[in-house]
Amino acid sequence: MLYWWMMKRFNPNELDAKWQKIWHDEKRYTALHDASKQKMYVSGMFPYPSGSGLHSGHAFSYTIVDTLARFYRAHDYSVLNPMGWDTFGLPAENYAIKTGTAPAVVTAQNIANFKKQFKRMGVSIDWSREINTSDPEYYKWTQWVFTELFKRDLAYQKESMQWWCPVDKTVLANEQVEGGKCWRCGNEVEKKSMKQWFFKITDYADALLEEIPGLDWPDKIKTAQTNWIGKSEGAEIQFTVEGIDDSITVFSTRPDTLFGATFLVLAPEHPLVTKLTNDETSAAVEAYVKESVKKPEIERAAEGKDKTGVFTGSYAVNPANGEKVQIWVADYVLGGYGTGAVMAVPAHDERDYAFAQKFDLPIIEVVKKPQDETSVCYHGEGVLQNSYQFDGMSSAQAREEIVAWLEQRAVGSAKTTYKMRDWLISRQRYWGAPIPIIHCDEHGAVPVPEDQLPVVLPEIEDYAPKGDGRSALASVEDWVNTTCPTCGGTAKRETDTMDGYACSSWYLLRYTDPQNHELAWSPDIANYWSPVDYYVGGDHAVAHLLYVRFWSHVFNDMGLLDKKEPVKKLVYHGYVNAEDGRKMSKSLGNVIDPLDIIDQGYGADTLRTYVLFMGPIELDSAWSSQGVGGVYRFLNRAWTLTQEYFDADKTDEQLPAELESLRHRTIKKVTGDYRSLGFNTAIASLMEYVNELYKYKTNGFTNGWQVHLETLVQLLAPFAPHMTAELWEQLGNTEPLDTAAWPTWDEALTKTATITLAVQVNGKLRATIELPADVSEEDATDAALAHEHVQKFTQDSSPKKIVFIPGRLLNIVI
RNA sequence: GCGCGGGUGGUGGAAUUGGUAGACACGAGGGACUUAAAAUCCCUUGGCUUUACGGCUGUGCGGGUUCAAGUCCCGCCCCGCGCACCA
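Residues numbered from 1 in each chain as written. Chains lettered and ligands numbered in written order. Predicted model: local features only at pLDDT ≥ 70, side-chain atom pairs only at ≥ 80, totals over all residues. Heavy atoms only, no water.

Draft legend 1. Quick peek at the packing of aromatic side chains. The tally for this structure, following the rule as stated, stands at 57 aromatic pairs. Considering the side-chain rings of Phe 251 and Tyr 337, the 6.5 Å spacing of their centres and the 85° angle between planes classify their relative orientation as edge-to-face. Of this pair, Phe 251 sits in strand β11 (residues 247-252) while Tyr 337 sits in the loop between β14 (324-329) and β15 (341-344), and the two are 86 residues apart along the sequence. Tyr 337 gets classed as partly exposed once you look at its relative accessible area, which sits at 25%. A cation over an aromatic ring shows up here: Lys 324 above the ring of Tyr 315, its NZ or CZ 4.5 Å from the ring centre. (Phe/Tyr/Trp six-rings, centres within 6.5 Å; stacked < 30°, edge-to-face > 60°. Helix = DSSP H or I, 4+ residues; strand = E, 2+ residues; numbered from the N terminus. Buried < 20%, exposed > 50% of the residue type's maximum accessible area, 1.4 Å probe, protein only. Lys NZ or Arg CZ within 6 Å of the ring centre and 35° of its normal.)

Here it is in structure tokens:
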């Protein structure tokens, strides 16, 4: 007789502790550079270790990563599953300003906490490769990359307009300006020209664009990146201005509509604006410019179709037809895109049309509308008219011919522009990697030589930015004052630090060779592991993922990496929302702490399996406490079943062939699902397998159960590594489960002897019949026609047609 | 406005890519065990209808193609995300 208290009870917390200690002590998950094996590099987007610890999004992301790591380890891949910390950033700096605690100190505490919590999730990480972006050993190489970019003219300094709050005495990001006012103090902000550092990502616009179609990334992200780069092909066309020597260059993607350009519009920021005004117009234009320059771009855009603008009083000449056209200033033209000036073709552009309507400007149709076209403003392709020698030409052909004609006369040329701007990387903040530049009166900006790197962040007392728009570093005189590496004369260090995104643009390479003191990485080692096979995250669709690609392309050009693209497969998962379906947030009080789930006694296996069972990984999901309970019940059933097997008196009786067939089908299905990241359906199949085994249990246990239980344990292991490690050992295995060969299936055995054939009459299901799997169409038809439910519908009429899908269905058409 | 996803029971979601819609799980209902509860185990569970066998209906809405449509085509309506006056 078997009593429940005689069995080893399922105690997840005990198992978690036991196995986590073994994995740690035996350094089970050290990644080995083993050229004889296939490599598998998986990584999540490394976390910013905040003070509040792991949240459910982390649990989700890193469970996906870890599950893949464990799955491929069981397939004898050499697996790299690293972890690091993205530690530069505002929260630590603000905390430091408030409390005076050094950011490095707070960061170290948060890392320790994160690491402890990650370990409790049972992640199989190679901790010997841990990196931290604010560690001088790390940012030394971030700075080195900067100097390399500088040497290649890919890092440069440029004066550019920034938002400036005169009260807070700091620059603000565009997003921090609300209605022309500072988000902090509510005072009006100004535009101030400041010298900033940029990375020339625009040099790589085409290269980055070209590789996008070949990436195994979600279309969502690929189109986001394509749009962000925003390539458009067109022409630059010069319009001479009456009365002055300057000409105005416009950019247009539709040079075929040049003859319909009835006025020009300049952005308020356009440098020629003041030159074009006269005594009558200057006051109005000046006021307009002042007003619109103050508005954040976001607000200018939000005002949508309601066009505003002023006439400058000047005229330009359309180079196509010699017509005199008015020059206007309007904020719907953006200063930072193209040339900051457009030729307005109101007949074929909705914005120009709205503007022309409002200010009563001429409209000339130069592209014939198709007959069924009803819109007033047709912006499609067509046949040209009112365009002299180009009349009758298609707009596509006219685009080329008109540009050629303009080029001949030196008043225009083909031109490609991009929406993407260069990457502004300087920050007037303390807590970042110092930009490794020394400013010398004689030699200008000089990069810090490699042997003097890293430029270490000095320890200071007051972390607050200086009032003049410089970081707190500017006050550290003995740090700022240095000598020029070129001439040895007195010089000053750059006091801006780098955007945190710089540090995260190459960490995936540092993981491959984290202890290298001579190089950022050794190309041999990086080439073995690169690219990342699975990169998992749910954020940073554009910025980070574009920057990583940019740097990777540069490294490829530098000969430091033999691949251009850093990430083979991007796994972009959804958000984990609260039970109420809303975003988790402290203020709503609906936050689920993954560590609480573990502590409540569910353990890490339940947490891990649950987050993957919630639904397809790419979808947002809502947390369900009851769902967690369901997964726990499933694991508990698998555990209990195995314990009952151990304690039972076993016979040598043969198990039915169907059960063996189910085992093979389950291996096939689950293995395929792991590969295609269909974790939710993999878990469902394992649940079915367990449910089925419970049915067989009523006949008692046999020795044949061993293989079923081992299969179950192995298939479940990547999701629930602790419990399965224990069961694997209990089943008598001495080799660790981590590296035990993954179960294989025999295709022939996945087939069953009989099949359930669906019988339809005229496409409607009327019966299902059990038949031998290899039944012929004739036999199946006979069996179907003999069925009473089928006969009710076929009556006496003979079938017109029989559609037979072997193994699936038979449709009788009458 | 443009681009990319999506709409399936009370809920999360399955569906071999055109072939038995609702796998698996939650919830709910019923039963077993228990003095009782919890835990566990078993059964039922889209709706309507039928004593039952069964029948009708059903994947956002309206059409279409097909022996057969959640899946393909055309036209709409909603929801989410990204970009957004980019010339």
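Draft legend 2. Seen up close, the nonpolar core. Counting residues in hydrophobic clusters, the biggest one holds 85 residues, and the most contacted among them are Trp 551 and Phe 555. Looking at this core element by element, the count peaks at eight residues for helix α17 (residues 543-557). The contacts of Phe 555, once residues within four sequence positions are left out, are Val 145, Trp 506, Leu 509, Trp 521, Leu 560 and Leu 561. Membership of the second largest hydrophobic core comes to 84 residues, among which are Ile 64, Val 65, Met 121 and Leu 716. (Core = buried A, V, L, I, M, F, W, Y, C linked by side-chain atoms within 4.5 Å. Contact = heavy atoms within 4.5 Å.)

Draft legend 3. Layout of the protein's contact with RNA strand B. Residues in contact with RNA strand B amount to 52 residues; listed here are only the nearest, Thr 253, Lys 307, Arg 351, Met 687 and Asn 811. In RNA strand B, atoms within 4 Å of the protein come 64% from sugar and phosphate. With respect to RNA strand B, the backbone of Leu 334 contributes an N or O atom lying 3.1 Å from a base nitrogen. Asn 811 places a polar side-chain atom, nitrogen or oxygen, 2.6 Å from a base oxygen of RNA strand B. Considering each element in turn, the surface near RNA strand B owes the most residues, six residues, to helix α21 (residues 679-697). (Near = heavy atom within 4 Å. Polar contact = N/O pair within 3.5 Å; in protein donor to acceptor, adjacent residues only side chain to side chain.)

Draft legend 4. Broad picture of the pairing of strand β1 (residues 39-44). Counting buried positions along β1 gives six out of six residues, so the element sits mostly inside the fold. Alignment of β1 against strand β2 (residues 78-80), held across three bridges, turns out to be parallel. Within β2, the residue paired with Tyr 41 across the bridge is Leu 80. Running through helix α2 (residues 56-73), the crossover from β1 to the neighbouring parallel element β2 is right-handed. Here β1 runs beside strand β24 (residues 532-537); their pairing, made up of three bridges, is parallel. Across the sheet, residue Val 42 finds its bridge partner in β24, namely Tyr 534. (Pairing = 2+ DSSP bridges. Right-handed = clockwise from strand over helix to strand, strands pointing away.)

Draft legend 5. Geometry of the pairing of strand β31 (residues 809-813). Pairing of strand β28 (residues 754-761) with β31, which is carried by four bridges, proceeds in the parallel orientation. Bridge assignment links Ala 758 to a residue of β31, and that residue is Leu 809. Note that strand β30 (residues 801-805) and β31 share five bridges and pair antiparallel. Looking at the pairing, Lys 801 lines up with Val 813 of β31. Joining the antiparallel neighbours β30 and β31 is a turn of three residues, in which Gly 807 adopts a positive phi near 80°.

Draft legend 6. Quick peek at unusual backbone geometry. The linkage connecting Leu 453 with the following residue, Pro 454, adopts the cis geometry, with an omega of 0°. One can find Pro 454 in the loop between β20 (444-447) and α13 (477-480). The linkage connecting Ser 530 with the following residue, Pro 531, adopts the cis geometry, with an omega of -10°. The backbone of Asp 153 sits at a positive phi, close to 60°, despite the residue not being glycine. By the element assignment, Asp 153 lies in the loop between α5 (136-151) and β5 (155-165). With relative accessibility at 55%, the residue Asp 153 sits in the exposed group.

Draft legend 7. Structural detail: the sheet that holds β28. An order of β29-β28-β31-β30 is seen for the four strands of this open sheet, with the pairing classed as mixed. The open sheet is flanked by β29 (764-772) and β30, the only strands paired with a single partner. Direction aside, the axes of adjacent strands within the sheet are offset by 20° on average. Sitting on the sheet, helix α25 (residues 777-786) touches β28, β29, β30 and β31, and the angle it makes with β31 is about 65°. (Axes fitted to C-alpha atoms, helices over the stretch in contact; angles between N-to-C directions.)

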